[in-house]
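# Structure at a glance
Residues per chain are reported as follows:
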Amino acid sequence: MLLLSPQQIQQWDAYTILHEPISSIDLMERAARHCVDWIISNDHIRTSIKIFCGKGNNGGDGLAIARLLLQQQIPATVYILEFGAKGTDDFQLNLQRLHSLTKDIHFIQSPDFFPPVGKEDLVIDALFGSGLNRPLQDLNAAIVQHINQSGARIIAIDVPSGLFLDKSAKGNPVVTANYTLTFQSLKLCLMVAENARYFGEVAVLDIGLHPLFLQETEATFSLLSKEEIARGIKPRPGFSHKGTYGHALLIAGNTGKMGAALLAAKACLRSGVGLLTVNVPKNELPILQTSLHEAMATIREEEDHSYDGYASIGIGPGIGTAGSSEAIVRNLLENYAKPVVWDADAVTILGKNKQWLEQLSPGSILTPHPKEFERLFGASDNDFDRLNKAIELSKQYPLVIVLKGHYTLIAFNGKGWFNTTGNAGMAKGGSGDMLTGMLTALLAQGYTPLQATVTGVYLHGLSADLTLEEQSMESMLPSDTIENIGKAFLFLKE
Ligand SMILES: NC(=O)C1=CN([C@@H]2O[C@H](COP(=O)(O)OP(=O)(O)OC[C@H]3O[C@@H](n4cnc5c(N)ncnc54)[C@H](OP(=O)(O)O)[C@@H]3O)[C@@H](O)[C@H]2O)[C@@H](O)CC1
Ligand SMILES: Nc1ncnc2c1ncn2[C@@H]1O[C@H](COP(=O)(O)OP(=O)(O)O)[C@@H](O)[C@H]1O
Ligand SMILES: [K+]
């Protein structure tokens, strides 16, 4: 699914109207009906429902929602924010339709007209949607503040009023919704952490916009889908052998951080690799060899660091950032030409030696969390800037950049894919180490760097989601999640 700009969403609307065909007012009716069905079936009806409407089509949705509720004998009061404009055609038509049912329609010209709103109310925010083109000010900002202070349950229609679809609204007045009912597809503004306190829980309502439009449309950002990932999984032919699936090397772990190496190694072994060698400090060798029978080992301190024969290499989890680790990074840059997975301390070392970024072998995968991303590429003003920076960098460098987070972004060659699997139970040390192991295993098996990354990131989150069948988000550990990588592969084959 593509993440579209406000202009593209308008075009999608127009395309549907032309090709379904359906009238614009009937499309709005369908959207409103889906909202009402969702509100009723999710048990959000209260004795007092206050619907705040602007005069664009978002407000038109609000008016249609009010009428559909009233037709089911559910009382709702409408407040229309006056901001000069006459209102769109569909707004006007829905206002006429509502007038024939109720006189309970109020116009807000100044804060004196604000109705009292309290905890017991359900507020429907239909003030501004995808048409917002500047920060809210004056009366528009005041009504948002009034609603936000009320303690009422707030359901935003399409997007919380005040959010821009594809750029930051940091510092602007925005409705803090408990739920957002967004039409047809997720929007970029609903993917970023900086807006999480505004959009609350998000439901995507399928209002039947024409699917063919997407085939004719290009967008920078899109969402990964199960079907796409499942299609890319390589078969394991009966006559294959361990050599078919590659020999991976993980350079991971150090004193006090051997857990990182074990997690990466276990995840690598559970992700289909043929052979695995782990490079660890001499003193830590027994930990590895007693816990993981399938992994071989090489000694960190030994001088001869030959990388010949490894189909892929992952470096970083728990290695530390001391000079000796820097020397290994340097050596790897000079002596290995295939793609490498760079994570954790290895990313920090690259951040300290930015000139080395130019030397990364083409197709290498960088997996920073936002802090590591900052160490590598400098600070960003907001989440949108960081996403756009990742996209720009992916044009500049022949690398796959994995910006980890709730919705991890994978940037490659000027495009970005958001992952939608995974949950907050993964917000624990060790989750990233697991991902490094998985990506290294997939690279070793001959997946292209992009294919390895999208597959690994998707499976990583999916294993965590499947872990919730037997654990809570509080209790689940990366070790549990690794044991469910198998279930995740099976789920893709269903
Ligand atoms: N395909 C779909 O997804 C469907 C979408 N539908 C719905 O349509 C919605 C989009 O409607 P929309 O384009 O009419 O824009 P909307 O957000 O109502 O408001 C724009 C108005 O506000 C104004 N304005 C802007 N910024 C302002 C500000 N800061 N302060 C003050 N005014 C400001 C601007 O006028 P301006 O002043 O710029 O001339 C304009 O009058 C969408 O979110 C969804 O709910 C469904 O009905 C059916 C299918
Ligand atoms: N709330 C969350 N929702 C989804 N995924 C998450 C969440 N928190 C963390 N993750 C995932 O867990 C991993 C954490 O990586 P990282 O921060 O490098 O952890 P560590 O280095 O401590 O192992 C990333 O892949 C991230 O996407
Ligand atoms: K809204």
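So, how was this worked out
Residues numbered from 1 in each chain as written. Chains lettered and ligands numbered in written order. Predicted model: local features only at pLDDT ≥ 70, side-chain atom pairs only at ≥ 80, totals over all residues. Heavy atoms only, no water. Pairing = 2+ DSSP bridges. Helix = DSSP H or I, 4+ residues; strand = E, 2+ residues; numbered from the N terminus. Axes fitted to C-alpha atoms, helices over the stretch in contact; angles between N-to-C directions. Contact = heavy atoms within 4.5 Å. Disulfide = S-S within 2.5 Å. Buried < 20%, exposed > 50% of the residue type's maximum accessible area, 1.4 Å probe, protein only. Arc of directions from axis to C-beta. Parallel < 35°, antiparallel > 145°, perpendicular 65-115°, else oblique. Domains from an automatic or database assignment. Buried area = accessible area lost by both parts, 1.4 Å probe. Salt bridge = Lys/Arg side-chain N within 4 Å of Asp/Glu carboxyl O. Core = buried A, V, L, I, M, F, W, Y, C linked by side-chain atoms within 4.5 Å. Near = heavy atom within 4 Å. Polar contact = N/O pair within 3.5 Å; in protein donor to acceptor, adjacent residues only side chain to side chain. Nonpolar A, V, L, I, M, F, W, Y, C, P; charged D, E, K, R; others polar. Donors = N, O, S within 2.8 Å, 3.2 Å for Na, K, Ca; no water. Tetrahedral: all angles 85-135°; square planar, octahedral: opposite > 155°, others 65-115°.

## Examining the sheet that holds strand β3 (residues 105-108)
- Ordered in space as β3-β2-β1-β4-β5-β6-β7, the seven strands form an open sheet in which the pairing is parallel. Here the strands that pair on one side only, and so sit at the sheet edges, are β3 and β7 (201-205). Between one strand and the next, the sheet's axes are offset by a mean angle of 20°, whatever the strand orientation.
- Note: strand β4 (residues 122-126) against strand β5 (residues 153-157), four bridges, orientation parallel. Bridged to Val123 within β5 is Ile154.
- Where helix α3 (residues 57-71) meets the sheet, its contacts fall on β1 (49-53), β2 (77-81), β4, β5 and β6 (179-183), and the angle it forms with β1 comes to roughly 155°.
- Packing of helix α4 (residues 89-99) onto the sheet brings it into contact with β2 and β3, and relative to β3 it is tilted by some 135°.

## Digging into the state of the cysteines
- Applying the stated rule across the entire model yields zero disulfides.
- Considering cysteine sulfurs only, Cys53 is the nearest to Cys35, which forms no disulfide, with 12 Å between them.

## Looking at helix α18 (residues 485-493)
- The set of residues buried in α18 consists of Ile485, Ala488, Phe489 and Leu492. In an axial view of α18, the angular spread of the buried residues amounts to 100°, which keeps them on one side of the axis. For α18, the exposed residues lying more than 90 degrees away from the buried face are Leu490 and Lys493.

## Thoughts on unusual backbone geometry
- Cis rather than trans, the peptide bond between Glu20 and Pro21 has omega equal to -15°.
- Examined against the element boundaries, Pro21 turns out to sit in the loop between α1 (6-19) and α2 (24-41).
- Non-glycine residue Gln73 carries a positive phi angle of around 60°.
- When you line up the elements, Gln73 lands in the loop between α3 and β2.
- We classify Gln73 as exposed; its relative accessible area is 69%.
- In this structure, Asp138 is a non-glycine residue whose phi angle is positive, near 50°.
- You can see Asp138 is positioned in helix α5 (residues 138-149).

## Some remarks on the environment of Thr481
- Counting through the fold element by element, Thr481 comes out in helix α17 (residues 478-483).
- The sequence separation of Thr481 and Lys234 amounts to 247 residues, and the corresponding C-alpha distance is 22 Å.
- Excluding residues within four positions of it along the chain, Thr481 makes contact with Met434, His460, Ser463, Ala464, Thr467 and Met476.

## Some thoughts on the packing of helix α11 (residues 323-335) against helix α12 (residues 344-352)
- In contact at an axis separation of 10 Å, α11 and α12 are set at 85° when each is read in the N-to-C sense. It follows from the interaxial angle that α11 and α12 lie roughly perpendicular. On the side of α11, the interface is formed by Ser325, Glu326 and Val329, while α12 contributes Ile349, Leu350 and Lys352.

## Describing the domain arrangement of the protein chain
- Looking at the protein chain, the domain boundaries give domain 1 (6-218) and domain 2 (226-493).
- Between domain 1 and domain 2, the C-alpha centre-to-centre distance is 41 Å.
- Taken together, the contact pairs 14 residues of domain 1 with eight residues of domain 2.
- Between domain 1 and domain 2 lies a buried interface of about 880 Å² when both sides are counted; carbon and sulfur atoms form 69% of it.
- Contact with domain 2 buries area across many residues of domain 1, yet Leu188, Met191 and Val192 alone supply 47% of it, more than any other trio.
- Our count for the domain 1 to domain 2 interface comes out at one salt bridge.

## A word on the nonpolar core
- Counting 118 residues, the largest nonpolar core has Ile51, Ile315 and Trp342 as its most contacted members.
- With seven residues, the top contributor of residues to this core is α2.
- Taken domain by domain, the makeup of this core includes at least three residues from each of domain 1 (6-218) and domain 2 (226-493).
- Beyond its immediate chain neighbours, meaning those up to four positions away, Trp342 contacts Ile315, Val329, Leu332, Leu333, Val347, Leu350, Leu360, Ser364, Ile365, Leu366 and Thr367.
- Grouped together as the second largest cluster of nonpolar side chains are 30 residues, Ala267, Val402, Leu459 and Ile482 included.

## Notes on the site of ligand 2
- Near ligand 2 there are 16 residues, and of these Lys404, Gly405, His406, Gly430 and Gly432 occur at the shortest range.
- With respect to ligand 2, the side chain of His406 contributes an N or O atom lying 2.8 Å from a nitrogen atom.
- One of the backbone N or O atoms of Asp433 is found 3.4 Å from an oxygen atom in ligand 2.
- Tallying contributions element by element places helix α15 (residues 431-444) first for the shell around ligand 2, with three residues.
- Residues that form the shell around ligand 2 fall into these classes: three nonpolar, eleven polar and two charged.

## Observations concerning the sheet that holds strand β13 (residues 340-342)
- Strands sit in the order β8-β17-β16-β15-β14-β13-β12-β9-β10-β11 across an open sheet of ten strands; the sheet is mixed. Each end of this open sheet is capped by a strand with a single partner; those strands are β8 (221-223) and β11 (296-299).
- Of the strand pairs in this sheet, strand β14 (residues 365-366) and strand β15 (residues 400-403) are connected by two bridges, and their pairing is parallel. Its bridge partner being in β15, Leu366 is matched across the sheet by Ile401.
- Sheet contacts for helix α9 (residues 258-269): β9 (247-251) and β10 (275-280); angle to β10, the most-contacted strand, approximately 170°.

## Details of the coordination of the potassium ion (ligand 3)
- At the metal site, the potassium ion (ligand 3) is ligated by Asn58 (OD1), Asp125 (O), Phe128 (O), Ile157 (O), Val159 (O) and Ser161 (OG), and these contacts range over 2.6 to 3.1 Å.
- Metal-centred angles of 65 to 174° between the six donor atoms at the potassium ion (ligand 3) mark the site as irregular.
- Counting gaps between the donor residues of the potassium ion (ligand 3) yields the pattern N-x66-D-x2-F-x28-I-x1-V-x1-S. Note that Asn58 is positioned in helix α3 and Val159 in the loop between β5 and β6, a separation of 101 residues in sequence.

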